[in-house]
Every structure is written in C-alpha cells, then in structure tokens.
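This is what each chain is made of:
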Amino acid sequence: MAYSDKVVDHYNNPRNVGSMDKARTDVGTGMVGAPECGDVMKLQIQVNTDTGIIEDAKFKTFGCGSAIASSSLATEWLKGKTVDEALDIKNTDIVNELSLPPVKIHCSVLAEDAIKAAINDYRAKQGAPVAAETVAH
Amino acid sequence: MFSGPPPSDYFAIFGIEKKLALDVEDLQRRFYANSREWHPDRHARAGAAQLAYAEAASAMLNDAWRVLRDPVARAEYVLKGEGFNISEQRGRDVPPELLEEVFDLNMALEEARNGDAAAKAEVAIALAKFERILSEIDSARDGIFVAYDAAPSREALGELRSLLNRRKYLQNLVRDARAALV
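Given the structure is predicted, the values throughout are model-derived calculations rather than measurements.

(A) Region of the structure containing the overall build of chain B. On a plain count of helices and strands, chain B comes out with 7 helices and 0 strands. Put simply, chain B runs from its N terminus to its C terminus through helices and strands in the order α-α-α-α-α-α-α. Among the 182 residues that make up chain B, the fraction classed as buried is 22%. Put simply, 64% of the contacts in chain B that link residues at least 6 apart link residues at least 24 apart.

(B) Structural detail: the nonpolar core. Core analysis: the largest hydrophobic core is formed by 47 residues, its most contacted members being M41(A), L110(A), A114(A) and I115(A). In terms of residue count, the dominant contributor to this core is helix α5 (residues 105-126) of chain A (10 residues). If near-sequence neighbours (up to four positions away) are discounted, I115(A) is found in contact with G30(A), L43(A), A74(A), L78(A), A86(A) and I89(A). In this structure, I13(B), F14(B), F31(B) and M60(B) belong to the second largest nonpolar core, which totals 13 residues.

(C) The arrangement of α5(A) in detail. Residues and elements named next belong to chain A. Taking 1.5 Å per residue, 22 residues should reach 32 Å; α5 reaches 32 Å between its end C-alpha atoms and fits that length. Burial analysis of α5 places 17 of its 22 residues in the buried class, which makes it a mostly covered element. Two residues or fewer after α5 comes G127, characterised by a positive phi angle close to 80°.

(D) Geometry of the sheet that holds strand β2 (residues 39-47) of chain A. Residue and element names in this part refer to chain A. Pairing within the open sheet is antiparallel, and its 3 strands lie in the order β1-β2-β3. Of all the strands in the sheet, just β1 (27-34) and β3 (54-62) have a single pairing partner and so form its edges. Between one strand axis and the next, the sheet turns by 15° as a mean value, whatever way the strands run. When β1 meets β2, the two strands line up antiparallel, connected through 8 bridges. What sits directly across from V32, in β2, is M41. The sheet strands contacting α5 are β1 and β2, and the helix crosses β1 at an angle near 145°.

(E) Highlighting the environment of G38(A). As for its position among the elements, G38(A) is in the loop between β1 and β2. Along the chain, G38(A) and G63(A) lie 25 residues apart, while their C-alpha atoms are 7.1 Å from each other. When near neighbours in sequence (up to four residues on either side) are disregarded, G38(A) contacts Y169(B), N172(B) and L173(B).

(F) Spotlight on the environment of L164(B). All names here are of chain B. Along the chain, the position of L164 falls in helix α7 (residues 154-181). Through-space distance from the C-alpha of L164 to that of V72 is 7.5 Å; in sequence the pair is 92 residues apart. In contact with L164, not counting residues within four places along its chain, are V72, A75 and E76.

(G) Main features of the confidence of the model for chain B. Residues and elements named next belong to chain B. For chain B, the average pLDDT comes to 89, and 92% of its residues sit at 70 or higher. Per-element averaging of pLDDT across chain B places helix α5 (residues 96-113) at the bottom with 86 and helix α1 (residues 10-13) at the top with 96. Interface confidence for the predicted complex, expressed as ipTM, amounts to 0.77; the pTM equals 0.70.

(H) Inspection of the packing of helix α1 (residues 5-12) of chain A against helix α2 (residues 65-78) of chain A at higher detail. Residues and elements named next belong to chain A. It is at 8 Å that the axes of α1 and α2 come closest, and there the two elements cross at 80°. Relative to α2, the element α1 is oriented roughly perpendicular. In this structure, α1 uses K6, V7, H10 and Y11 to contact α2, whose residues at the interface are G65, S66, I68, A69, S72 and L73. Among the residues forming the contact of α1 with α2, the class breakdown is 5 nonpolar, 4 polar and 1 charged.

(I) Representation of unusual backbone geometry. All names here are of chain A. Unusually for a residue other than glycine, N16 sits at a positive phi of about 60°. By secondary structure assignment, the location of N16 is in the loop between α1 and β1. Backbone geometry places S99, a non-glycine residue, at a positive phi of 50°. Mapping S99 onto the fold places it in the loop between α4 (91-98) and α5.

(J) View of the pairing of β1(A). With respect to burial, β1(A) is a largely interior element, 8 of its 8 residues being buried. Burial of the side chains of β1(A) extends over both faces: V27(A), T29(A), M31(A) and G33(A) are buried on one face and G28(A), G30(A), V32(A) and A34(A) on the other.

(K) Summary view of the environment of Y10(B). Residue and element names in this part refer to chain B. Structurally, Y10 is set in helix α1. For Y10, a count of 22 C-beta atoms within 10 Å corresponds to the buried category. Placed 56 residues apart in sequence, Y10 and R66 show a C-alpha to C-alpha distance of 10.0 Å. Residues in contact with Y10, not counting those within four places in the same chain, are A64, V67, L68 and Y77.

Conventions adopted
Residues numbered from 1 in each chain as written. Chains lettered and ligands numbered in written order. Predicted model: local features only at pLDDT ≥ 70, side-chain atom pairs only at ≥ 80, totals over all residues. Helix = DSSP H or I, 4+ residues; strand = E, 2+ residues; numbered from the N terminus. Buried ≥ 20, exposed ≤ 12 C-beta atoms within 10 Å, placed from the backbone. Contact = placed C-beta atoms within 7 Å. Core = buried A, V, L, I, M, F, W, Y, C linked by C-beta atoms within 7 Å. Expected span 1.5 Å × (residues − 1). Pairing = 2+ DSSP bridges. Axes fitted to C-alpha atoms, helices over the stretch in contact; angles between N-to-C directions. pLDDT = per-residue confidence, 0-100. Parallel < 35°, antiparallel > 145°, perpendicular 65-115°, else oblique. Nonpolar A, V, L, I, M, F, W, Y, C, P; charged D, E, K, R; others polar.

Now the structure itself:
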C-alpha cells in the first residue's frame, strides 16, 4: 500500500513533536491507544485560559506512518483554534486531507479521540463540564 | 452418512458441545481419531461422494484443531459466532492508567534502540511487569471460560471481548520489548 504524499511529508517531517508539563492547569493531555495495532498516541494542548485559544500543541505517537501523520496534522490544525472549534475537528477531515485508505481510518479516529481526550483533560482541570460524548469512554 | 457437506461448526466437527473451557488433551485424541477416520486415502475407492466428504471433513478438522487448541483463538471463534465484531472496538479497552505505562515503555524502547543502556534496563523492568499482567489476564480469561460454560451470557462475552483486546495490545508490546533486549 502506498502512502499519500501528505502522509509521507508528515511522517518524514512531523510537526510539533514533543511534550509539555502535564501538571500545568493550562495544558490538556490526551493519551489514546489502538489495541489492534498497538499504536499509542499522546497529544497535548496549551490553552490561553483568558481567550480559550489553543496556543500550542504537541504530540508523540508510536505507530504507523498514518497514525503519526494524523496526529501531526491534528496539532497543526489545533493551533490558533478555540477549544470549542477544536471539538469540531472530525476524523473524516483528517482522512480527506491525508487521503487515508480505508484500512488506515482507525488512525484518524485515534487522532480525533486524542483531541477530545486532551480537551476533556483541560476542561476538567479548569473545572468545566466535559463533553458528554467522550465521558462514557 | 457421507451425504452433504461435513459440519461447518468447529465444535460440531469434533462431535463436542460448544465450550470455552476445553480439555485440549481430549481434543487432541479426538483430532487424531477423526483424522484417521476421514483421511482421504482411506476413502479413495469408496466413490466420489464419500471421497469428497472425507476431503472436506479432513480440511475442516485441521482448521478446527488449529483454532480450538488455542484458548485465545477459540475464544475469538466463539465471540465471532455470537456476533462480537473484533474491528468495532477503538481505543477503549486499554485503561488510561495502563496507557501511561505503555507510552513510557515505548519511549524507553525507542531510546534503547538508539543505544541508550539505561533505557534498556527500564525496558527489562517494564517487560517483567507486563508479562505479569499478561499472566493475570490469562487467569481472568480462564475464569470467564468456566463461568460462561456454566451460565452463558452476553455480559460474560463482552467482558471476554475487552479482556482479549487488552491482551492483544499487551502481547504486541511484550513482543517488541523482548526483541529490543536481544
């Protein structure tokens, strides 16, 4: 199976690799894993608590090229968005942008789950109610 | 007796009831006995219908033996038969507290592959821990087997499904960790 040029680009030059201090109250951390392939993804956002805008995003993913590209792309999209806007990012957006084949769709799902988990973590730290759809995980 | 196709159910081809907890030694005895009985060479001159049956039964028996002898493959087979789809689950069966450890092990693995000796020691410690968790999972699995056989329920199968997902995840990690320590 051939990876699309965009996947290869993100895989070779992943954006925003790294980690933040997860103890900080303005940092939300999402850690998710996919049992089928053993992929594990950590995605973090640092939010301006006054404006609600995500000022920085970092990730570290152990997994295939598509998982790395999905999380790399997600961090690019997250920066500059408000937390609410970030919740609108759907895995299908990632699939379309990266031209992921059907067998790799779970990688984009993982990235969406990681975004939601990071936002939930941030909101929990801020004392806000977490998004209902991810509460039941 | 040789009309129609042989049973397509793995338990039926062995002539046993569907059970999660199986006596593998008994299964092996049945496998040898049935294999002898249905060996195509023994039916070569008995007519086309009987030979076709023997060939199909032998093939089915081999498939069934490969699956039923292994507790994990057997459980997957029963789960699939009961409509539990393996590909539907996402990142939900690995509890968050274990994910942290999984992530840390992956970090240590990456560093160990880059030649960091201290990271190798971390991998070894983590490996021992994950192997312990795996054997706990196998004990829990055997417990569910017995409980399900006594009183079949969707709940028990759901529990088994998530246990096996978790096991698969950890199995992959343990394999990688072992490879890194060679």
